Structure formats: structure tokens, C-alpha cells
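Given next are the chains, with one letter for each unit.
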Amino acid sequence: MLRFGTCRSIRCIWSGLALRHPSRALSSAQLASAESFLNGTSSAYIEEMYESWLKDSSSVHKSWDSHFSLVLAGARPGNAYHSPHSPVIPSLSMPPPETRQSVKDHLSVQAVIRAYQVRGHLVARLDPLNISNVVRDTSHSPTPGHHMLGGKDFEFIERNRDRVFQLPQLTWIGGDNEASLPLVEIIDRLERVYCSNIGIEFMFINDREKCDFIRKQFESPHAGTLSKDEKRTLMARLIRSTKFYDYATSSFLCSL
């Protein structure tokens, strides 16, 4: 607890009050007992605050402003200090159950989307000849993407298949025009992006801008769609690259 030193200015105020009102006069011991901060080693600090308050009352804390004002108004020692009013903080009421459930459902949709982004490459169809003998039978699944989901996610999808959800910022499956989609359509688009013939593994990258770039390139509704001219150009470049490799391997076998 801080103990402030003797303040000559404050004492002079109470001395003047004692001369005008003898019944209010107190001895030094009584004064020190009533106002404990008048004793100690901080008299210079109190003196400086009082002089600053005389020039500008807003230059000191509200508690000292109240104290000095009450002393000048004639308050007896021990009754001059009043703590400033504490700000009233309004009580925060809980949202209704419907709102809490809606937020929970949207978070579940985000979890499903992230599951595809993180683990979709593990079930992508990268073996068209089925050489590895991996059985991936989805004919008995009532919903697409069942192999990517846990039990709770699967139950959530079954209950909300046709419900429309707002798409979060962590996906581009809606493109620039669609801000919300039915849940079954969200699953279908994620299935086509992450579980088809291309495996995309990128969520280990720590740079968010790079992850967003990859997401946009693969998740956009028309990603990978090529015109006839683009297909011809791509075919010509593949043929040229293949022929150059054949020429290089036959002419510079030792170097390769």
C-alpha cells in the first residue's frame, strides 16, 4: 500500500478551514490518522499533483480531482476521498439456441471442406489400371465422399443433404458468383476436385497466399477447362517434348 508524505498545501487548506470553523480543527495526529497518505515520503508528489490540479483539474486522475474539490468545499479529513465511478459493463446474454446451432452447423461444413483439402489426395484415383489392387467401391455409399468423413460428419451430411450453407473463405468451389450451395453440391464439387484423377497435396505449406493460389487454381468451377485451340497447343507441346527427348536419348546416350 502506498503511503504519501506530508503535503503542505493540503495541510494549509485544512488549517484555514480550522480557523474559519474551530469545531472542525484537528490535531496533527488526528489529521494523519484520518488521511494516512499525508504521512510518508511522497509529499513532493502530492504537492506537484495539487499544483497541477489548481492549473487544470483534468490533468490529474478523477479520484484526485474529487479529493481536492471536496477538500476545498470543506470536507473533513477522512471524508474527502471517494472512488471514481466504475464503468458499467452491460451483461452479455447468450444467443438463442437456434443461432448457436446454426453456427455449429456452419463450422461442421468448414470441417468437411478442410477434410477434403487435407486428405483428398489419399483417395484420388491415381491407378486407372488398378495395379495396386486397391478396392474403392462407392456403390454402397448413400452420399459421395463417405471415405473422407468420420462418423459424426457422415451423420451431419445425412441430416442436411439439401440444406444450403454459405461457403467459407477457405474454398473457391463457388467461384466468384456463388456464395452459398446445398451441402450435397459442396460434397460433389469437392469430390471432383480432390478425389478424381489428380492428387493435390498442399495443406502442409505454411504460406497462406500460396495455399490460396493452389486452391483457386484447382477449386474454381471452370478450372482445367480447355478450349479446342488450347488442347491443340497442349498436344503439340507434348509431342514436341517427347520427340526432343527421343532425339536426345538416341544422340547423347552417354551424357544422359
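This structure is a prediction, so every number in the text was calculated from the model and none was measured. Throughout this description, residue numbers start from 1 for each chain and increase along the sequence as written. In keeping with the model being predicted, local features are shown solely for residues with a pLDDT of at least 70 and side-chain atom pairs are shown and tallied solely at 80 or more, while totals for entire chains, interfaces and linings include all residues. Side-chain measures were taken over the full set of non-hydrogen atoms in the model, leaving aside hydrogen atoms and water.

Caption draft 1: Inspection of the nonpolar core at higher detail. Of all hydrophobic cores here, the largest spans 23 residues; its most connected members are Val 109, Tyr 116, Leu 183, Ile 186, Leu 190, Tyr 194 and Phe 202. Strands here mean DSSP runs of E at least two residues long; helices mean DSSP runs of H or I at least four residues long; both are numbered from the N terminus. Broken down by element, the residue count for this core peaks at six residues, all from helix H7 (residues 183–194). Listed in part, the seven residues of the second largest apolar core include Ile 46, Met 49, Trp 64 and Phe 68. Joining through side-chain atoms within 4.5 Å is the link that ties buried Ala, Val, Leu, Ile, Met, Phe, Trp, Tyr and Cys residues into a set, and such a set is a nonpolar core. A 1.4 Å probe rolled over the protein chains alone gives each residue an accessible area, and that area as a share of the maximum for its type sets the label: buried under 20%, exposed over 50%, partly exposed in between.

Caption draft 2: View of a nonpolar patch on the surface. Taken together, the side chains of Leu 226, Leu 234 and Leu 238 present a nonpolar region at the surface, about 260 Å² in accessible area. Assignment of secondary structure puts Leu 226 in the loop between helix H8 (208–219) and helix H9 (228–251). For Leu 226, a relative accessible area of 37% gives the class partly exposed. Residues forming no salt bridge and having over 30% relative accessible area are the ones grouped into patches, like charges within 9 Å of each other and nonpolar side chains (Val, Leu, Ile, Met, Phe, Trp, Tyr) within 5 Å. Accessibility throughout is a Shrake-Rupley quantity obtained with a 1.4 Å probe, and a residue counts as covered only by protein chains that appear here. The salt bridge criterion pairs a side-chain nitrogen of Lys or Arg with a carboxyl oxygen of Asp or Glu, the two atoms within 4 Å.

Caption draft 3: Molecular detail of helix H4 (residues 62–72). Looking only at H4, the buried set comprises Ser 63, Trp 64, His 67, Phe 68 and Val 71. Down the axis of H4, the sector holding all buried residues measures 125 degrees, keeping them to one side. This arc is built from the directions going out from the helix axis to the C-beta atoms.

Caption draft 4: A look at H8. Along its 12 residues, H8 runs 16 Å from first to last C-alpha, staying within 8% of the 16 Å computed at 1.5 Å per residue. Every buried residue of H8 is accounted for by Cys 211, Ile 214, Arg 215 and Glu 219. End-on view of H8: buried residues confined to an arc of 105 degrees, all on one side of the axis. Among the exposed residues of H8, those oriented more than 90 degrees off its buried face are Glu 209, Lys 210 and Phe 213. Two residues form a contact once any of their heavy atoms are found within 4.5 Å. Those residues of H8 that are buried lie in contact with helix H5 (97–119) and H7. Polar contact criterion, stated in full: a pair of N or O atoms within 3.5 Å, where within protein one must be able to donate a hydrogen and the other to accept it, and residues adjacent in sequence count only if both atoms are side-chain atoms. For H8, the N-terminal capping position is held by Asp 207, with its side-chain oxygen 3.0 Å away from the main-chain nitrogen of Glu 209. Multiplying 1.5 Å by the residue count of a helix minus one yields the expected span of that helix.

Caption draft 5: Examining the side chain of Ser 220 more closely. By the element assignment, Ser 220 lies in the loop between H8 and H9. Separated by 2.6 Å, the side chain of Ser 220 and the backbone oxygen of Lys 216 make a polar contact. With near-sequence residues (within four places) excluded, Ser 220 lies in contact with Trp 172 and Arg 215.

Caption draft 6: Quick look at the pattern of salt bridges. Considering all chains together, one arrives at eight salt bridges under this definition. When the shortest N-O distance is used, the salt bridge between Asp 212 and Arg 208 registers 3.7 Å. Of this pair, Asp 212 and Arg 208 both sit in helix H8, four residues apart, which is roughly one turn of that helix. Accessibility expressed as a relative area gives 23% for Asp 212, which makes it partly exposed. With a closest N to O distance of 2.5 Å, Arg 215 and Asp 212 form a salt bridge. One end of the pair is Arg 215 and the other is Asp 212, both in helix H8 and three residues apart, which spans about a single turn.

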